[in-house]
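# Topology and contacts: notes
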Amino acid sequence: MTESRQADRPLATGEPLRVAGAFTLDGLGGWFVEGIEGDPSNVVGIGLKLLRRLLAEVGVPVHTLWSALGTAAVSD
């Protein structure tokens, strides 16, 4: 199988439709990334653990965002 056909495989999973830029370094498309110039955080984004902590510091519990994303929020 050619490399371009292999790169099509992650597309078939639907993963690229759920992420900014249509791929994630830590997802299925990451197997096809040969390098990154600059800070990997520009590609990967902010870590969820850090984001959760920063949101808590400003009084926003992360679960309150879930319903905005189409996921049913669990009440406290």
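Residues numbered from 1 in each chain as written. Predicted model: local features only at pLDDT ≥ 70, side-chain atom pairs only at ≥ 80, totals over all residues. Heavy atoms only, no water.

## Some details on the overall build of the protein
Secondary structure assignment for the protein yields 4 helices and 0 strands. Of the regular secondary structure in the protein, the N- to C-terminal order runs α-α-α-α. Scored against the burial criterion, the 76 residues of the protein give a buried share of 13%. (Helix = DSSP H or I, 4+ residues; strand = E, 2+ residues; numbered from the N terminus. Buried < 20%, exposed > 50% of the residue type's maximum accessible area, 1.4 Å probe, protein only.)

## Some thoughts on a nonpolar patch on the surface
Side chains of Ile46, Leu48, Leu50, Leu51 and Leu54 sit close together on the surface and give an oily, nonpolar patch of about 430 Å² of accessible area. Within the secondary structure, Leu54 sits in helix α3 (residues 48-57). (Patch = residues over 30% accessible without salt bridge, like charges linked within 9 Å, V, L, I, M, F, W, Y side chains within 5 Å. Areas by Shrake-Rupley, 256 points an atom, 1.4 Å probe, with all protein chains shown as cover. Salt bridge = Lys/Arg side-chain N within 4 Å of Asp/Glu carboxyl O.)

## Quick look at the environment of Gly27
Locating Gly27 in the fold gives a position in the loop between α1 (3-13) and α2 (41-44). Classification of Gly27 as buried rests on a relative accessible area of 15%. A sequence separation of 12 residues divides Gly27 from Glu15, and the C-alpha atoms of the two residues are 8.0 Å apart.

In short, the description is geometric, and any link to function would need to be established separately.
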